[in-house]
Structure formats: structure tokens, C-alpha cells
Amino acid sequence: MGLEKEVPPQPTLLEDLLAKAGGCAVIDGGFATQLETHGASINDPLWSALCLIKDPDLIKKVHLEYLEAGADIIVTSSYQATLPGFLSRGLSVEEAESLLKKSVRLAVEARDEFWDTVKGSPGDEYNRGLVAASIGSYGAYLADGSEYSGWYGEDVTLEKLKDFHRRRLQVLVEAGPDLLAFETIPNKLEAQACVELLEEEEIGIPSWICFSSVDGQNAPSGESFKDCLDVINKSSRVPAVGINCAPPQFVENLISKFQEWTQKLIVVYPNSGEVWDGRAKRWLPSACFGDDKFELCAKRWHKLGASLIGGCCRTTPATVTGISKALKERSS
Ligand SMILES: C[S+](C)CC[C@H](N)C(=O)O
Ligand SMILES: N[C@@H](CCS)C(=O)O
Ligand SMILES: [Zn+2]
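Per an unreviewed UniProt entry, the protein goes by Hcy-binding domain-containing protein and derives from Linum tenue.

Describing the site of ligand 1
Lining the immediate surroundings of ligand 1 are Trp 47, Tyr 79, Gln 80, Ala 140, Ala 143, Glu 147, Tyr 148, Trp 276, Lys 281 and Trp 283. Within the side chain of Glu 147, one N or O atom sits 2.8 Å away from a nitrogen atom of ligand 1. When isolated, ligand 1 has an accessible area of 330 Å², and the protein chains bury 99% of it. Its residues placed into classes, the shell around ligand 1 shows 7 nonpolar, 1 polar and 2 charged.

Looking at the pattern of salt bridges
Inspection of the entire model under this criterion finds 23 salt bridges. Between Asp 112 and Arg 111 there is a salt bridge, and its shortest N-O distance comes to 2.7 Å. Given a relative accessible area of 35%, Asp 112 falls into the partly exposed group. Using a relative accessible area of 6% as the deciding quantity, one classes Arg 111 as buried. Residues joined in a network through salt bridges with shared partners are Glu 159, Lys 162, Arg 166, Glu 196, Glu 200 and Glu 201.

Considerations on the side chain of Thr 319
By secondary structure assignment, the location of Thr 319 is in helix α13 (residues 317-331). Here the side chain of Thr 319 touches Asp 291 through a polar contact of 2.7 Å, side chain to side chain. When near neighbours in sequence (up to four residues on either side) are disregarded, Thr 319 contacts Asp 291 and Phe 294.

A few points about the sheet that holds strand β6 (residues 240-244)
Here we have 8 strands laid out as an open sheet, ordered β1-β10-β7-β6-β5-β4-β3-β2, and parallel in their pairing. Sheet topology places β1 (25-26) and β2 (73-75) at the edges, where each strand pairs with a single neighbour. Alignment of strand β4 (residues 179-185) against strand β5 (residues 207-211), held across 4 bridges, turns out to be parallel. Across the sheet, residue Ile 185 finds its bridge partner in β5, namely Phe 211. In the packing of helix α12 (residues 291-304) onto the sheet, contacts are made with β7 (265-269) and β10 (306-309), and the angle to β10 comes to roughly 145 degrees.

Comments concerning the site of ligand 2
Taken together, Gly 30, Phe 31, Ala 32, Trp 47, Tyr 79, Glu 183, Thr 184, Cys 245, Cys 312 and Cys 313 make up all the residues around ligand 2. Taking Phe 31, its main chain carries an N or O atom lying 2.8 Å from an oxygen atom of ligand 2. Ala 32 has a polar backbone atom sitting 2.9 Å from an oxygen atom of ligand 2. Across the complex, the protein chains shield 96% of the 280 Å² of accessible surface that ligand 2 would expose by itself. The residue makeup of the shell around ligand 2, split by class, is 7 nonpolar, 2 polar and 1 charged.

Some remarks on the UniProt feature "domain: Hcy-binding" (unreviewed entry) in the protein
Under the UniProt annotation, "domain: Hcy-binding" (unreviewed entry) lies at residues 13-327. Annotation note: span residues 13-327, helix share 46%, strand share 14%, distance between end C-alpha atoms 20 Å.

Digging into the coordination of the zinc ion (ligand 3)
Surrounding the zinc ion (ligand 3) are the protein donor atoms Cys 245 (SG), Cys 312 (SG) and Cys 313 (SG), which sit 2.2 to 2.4 Å from the metal. The coordination sphere of the zinc ion (ligand 3) comprises 4 donor atoms, whose angles at the metal cover 96 to 129 degrees; the geometry is tetrahedral. Here the donor residues for the zinc ion (ligand 3) map to a single chain with the spacing C-x66-C-C. In this structure, Cys 312 and Cys 313 share a single accessibility class: buried.

Side note on the packing of helix α8 (residues 158-174) against helix α9 (residues 188-200)
It is the contact of α8 with α9, at a shortest axis distance of 9 Å, that shows an interaxial angle of 50 degrees. Classified by the angle between their axes, α8 and α9 sit oblique to one another. For the pair α8 and α9, the sense of crossing is right-handed. The segment α8 lies against α9, with Leu 158, Leu 161, Lys 162, His 165, Arg 166 and Leu 169 engaging Leu 189, Glu 190, Gln 192, Ala 193, Glu 196, Leu 197, Leu 198 and Glu 200. Residues of the contact of α8 with α9, tallied by class, amount to 7 nonpolar, 2 polar and 5 charged.

Looking at helix α6 (residues 93-118)
Compared with an ideal rise of 1.5 Å per residue, which puts 26 residues at 38 Å, α6 spans 38 Å between its outermost C-alpha atoms and is within 8% of the ideal. Directly beyond the C-terminal end of α6, a positive phi value near 75 degrees is found at Gly 120.

Conventions adopted
- Residue numbering note: each chain is counted from 1, following its sequence as written.
- Lettering for chains starts from A, numbering for ligands starts from 1, and both go in the order in which the items are written.
- Reporting of local features is limited, given that this is a predicted model, to residues whose pLDDT is at least 70; pairs of side-chain atoms are given and counted only at 80 or more, and all residues count toward the totals for whole chains, interfaces and linings.
- No hydrogens and no water enter the side-chain calculation; it runs on all heavy atoms of the structure.
- Throughout this document, a residue counts as near a molecule or strand when at least one of its heavy atoms sits within 4 Å of that molecule or strand.
- Pairs of N or O atoms within 3.5 Å make up the polar contacts considered here, provided that, within protein, one atom can donate a hydrogen while the other can accept it, and that residues adjacent in sequence are counted only when both atoms are side-chain atoms.
- Each accessible area is a Shrake-Rupley estimate made with a 1.4 Å probe; only the visible protein chains count as cover when residues are assessed.
- Ten residues, namely Ala, Val, Leu, Ile, Met, Phe, Trp, Tyr, Cys and Pro, are considered nonpolar, four, namely Asp, Glu, Lys and Arg, are considered charged, and the remaining ones, Gly among them, are considered polar.
- The term salt bridge refers to a pairing of a side-chain nitrogen on Lys or Arg with a carboxyl oxygen on Asp or Glu at a separation within 4 Å.
- Throughout this description, buried means an accessible area under 20% of the type-specific maximum (1.4 Å probe, protein chains only), exposed means over 50%, and partly exposed covers the range between.
- Helix and strand assignments follow DSSP, with helices taken as H or I runs no shorter than four residues and strands as E runs no shorter than two, numbered in order from the N terminus.
- Whether two residues are in contact is decided by their heavy atoms, any of which lying within 4.5 Å being enough.
- Any two strands are treated as partners once DSSP identifies two or more bridges connecting them.
- Only the stretch in contact is used when fitting a helix axis, every axis being a line fitted to C-alpha atoms; angles between N-to-C directions are given from 0 to 180 degrees.
- UniProt positions are given in the numbering used here, feature names are shortened, and annotations may be inferred rather than shown by experiment.
- Water is absent from the atoms considered, so a metal site may look incomplete; donors are defined as N, O and S atoms within 2.8 Å of the metal, or 3.2 Å for Na, K and Ca.
- In this scheme the shape depends on donor count and angles: four donors with every angle between 85 and 135 degrees give tetrahedral, four or six donors with opposite pairs above 155 degrees and others between 65 and 115 give square planar or octahedral in turn, and any other case is irregular.
- Our angle categories are set so that under 35 degrees counts as roughly parallel, over 145 as roughly antiparallel, 65 to 115 as roughly perpendicular, and the remainder as oblique.
- In this scheme the crossing of two helices becomes right-handed for a clockwise turn of the near helix relative to the far one and left-handed for an anticlockwise turn of less than a right angle.
- By this rule, a helix spans an expected 1.5 Å times one less than how many residues it contains.

Pasting the structure below:
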């Protein structure tokens, strides 16, 4: 018997995209808030997931807008789509699972249709996009603003958080996304639940885990990001960590800090700077970044060490056009 030849590991789709994108890929912008721009009414406990029931065509349209704007990665509409959330609206388990799958299918269809029209076009402006299945935090499901406080109450244990996330994670993965995007994680316990679940379920696609932040220093729970990252650093299933839906003013400092505390890729997609009032369910005006500021900052964030850059709530396709332009100029 001859010696087994060692097969070198194949680059993942994410590694491949990063190489093609010159080391920094563009993530899309605010999804739910762009649905609202088109008139969707999502002031509802299901928030953007309501559109999976009411207006799936609009979901696909928004994905296409972000691809057109230059997003290399589009994030699915499943942020606040959960089994208990759908069941509480009278849907059956089968219907709820089918809506979760639909969130991935709509993004995959948009990506495939867009790629069919642009691949091989002169100028080589676009990369084949990747689909990241959004997994919003437990706080997002609670719909009480706790993704920005990190306070879930005494009775929320590690096991309870894993139970909450497990079936949705399985269903989303079965639907065939390229990546998983854990979004607005506000505390260490939930980061640990995500890491343990990925291991227990032997998830084979890469994930990023992003935290929200309300003070620019710590996780919303007040726990240090160093402690939160220590939990994630142990996992080989999470190649990227970062920040989403925090004000853009916090990003520069947080990239530098994350660089000290992790070897993983750093992902940043801040919101516009407006602040979510979880009780009144509206965005309060605050120090905002315009699209031109995002364009300037994208270059700087990449120089500081971010490898995945986009926008979150209240950013738009125009924001992503700016980010994409900035990052593509850099690599040309
Ligand atoms: C990222 S926040 C603006 C999402 C909405 C929140 N989970 C709610 O339902 O109020
Ligand atoms: N992917 C979600 C995140 C909300 S914080 C969205 O953009 O709507
Ligand atoms: Zn957001």
C-alpha cells in the first residue's frame, strides 16, 4: 500500500472571496430599514421577518439593490425570524421552518440572478456574492431592545440560549447558505452559546459573531470584549468576529482593541449612528455618518485591520456604493 498523499485544505468560499476582493470584502447595508424605505411596515414583534410572510418579493428586491451597490456578501432576512416568533402568530412548525428556508432561498436566488447578469462583464467590477444567513440575538427575538442592553434576566441560562438557537440554526444551515452571521450579540453568555452550538451541531460552514456596543468600549452587558473574545478564540468554526449595529464613531477604537485580543478576521458593519429606542420602536436622531464619511472611514477601517466592512441599520445601498468604491480604489 502506497503512502496516502496529503491533500492540502481547500480555501473556503470566504477565503476565496477575500483573496479576490484584495483582502477586504464588502457586506451589504441595513436590511430591515431599507425594506422600510420601500414602504414596508415592520413595526411588529417580527420586525423585518414580517416581510417573509407579507412581501417576499421586496426582500429579493432589496438583496438585488445591495448586490448592484457592490456588496460581496448579502445577509438574509432571518434576523428576527424565529420558530417561537412565528408560532406565536399561529403558524405551524412546518410553515415556520419553511419561512426560515425561504429567507435563504430568496438571497441565493438574488445572488444567482445577479451573478448571471454581471459575470464576465467588462471591467470585472463584481465578485460572485456570498449569502450569510442572519441569526439575530435572543434579544432581537424578545423585541424589547435587549440586544442593546445585554440584560436577559436571571432565568436565561446557557442551555436556554442554546435551545433557543438550535433548531433555527439547523434549518438555516439545511437551506444552504455560504456563511452564518450571528448579529448584535450583547453578552458573553450568548457568544458562548453560539460557539458551543456550532461545535455540538458540527456546523461545516464558516460563521462570524458580531456584538453590538453602546459605550464603544464593552459589550452592552458591560462585560469586556476581551472576555467575550476569549470564548470565541477557542473555536475553529468562527473565522471572523466584530461589531454590528453600533454607532460608526466607535468602530476605529474597537478595531484596534479587537486586534489586540484576537487573531481572527475582523468584521465591522455599524449603523448610521442613529439610536434605537426599544420602547418607542423608533430611531432617534444622533450623530450620524453620511455616505461620504462611510466612504472615507472604510479605507481607514481596512488599514486598521478590518477584513469585512459594511453597514447596518439606516445605512442604504448608497452607503454600500461608497464603501465598495473606497475599497475597490484601494485595490486597483
Ligand atoms: C436591531 S433593532 C433596531 C431590531 C428591532 C428590535 N429587535 C425590535 O423588535 O424592537
Ligand atoms: N441584518 C439585520 C441586522 C439588524 S441589526 C438588518 O440589517 O436588518
Ligand atoms: Zn442594525
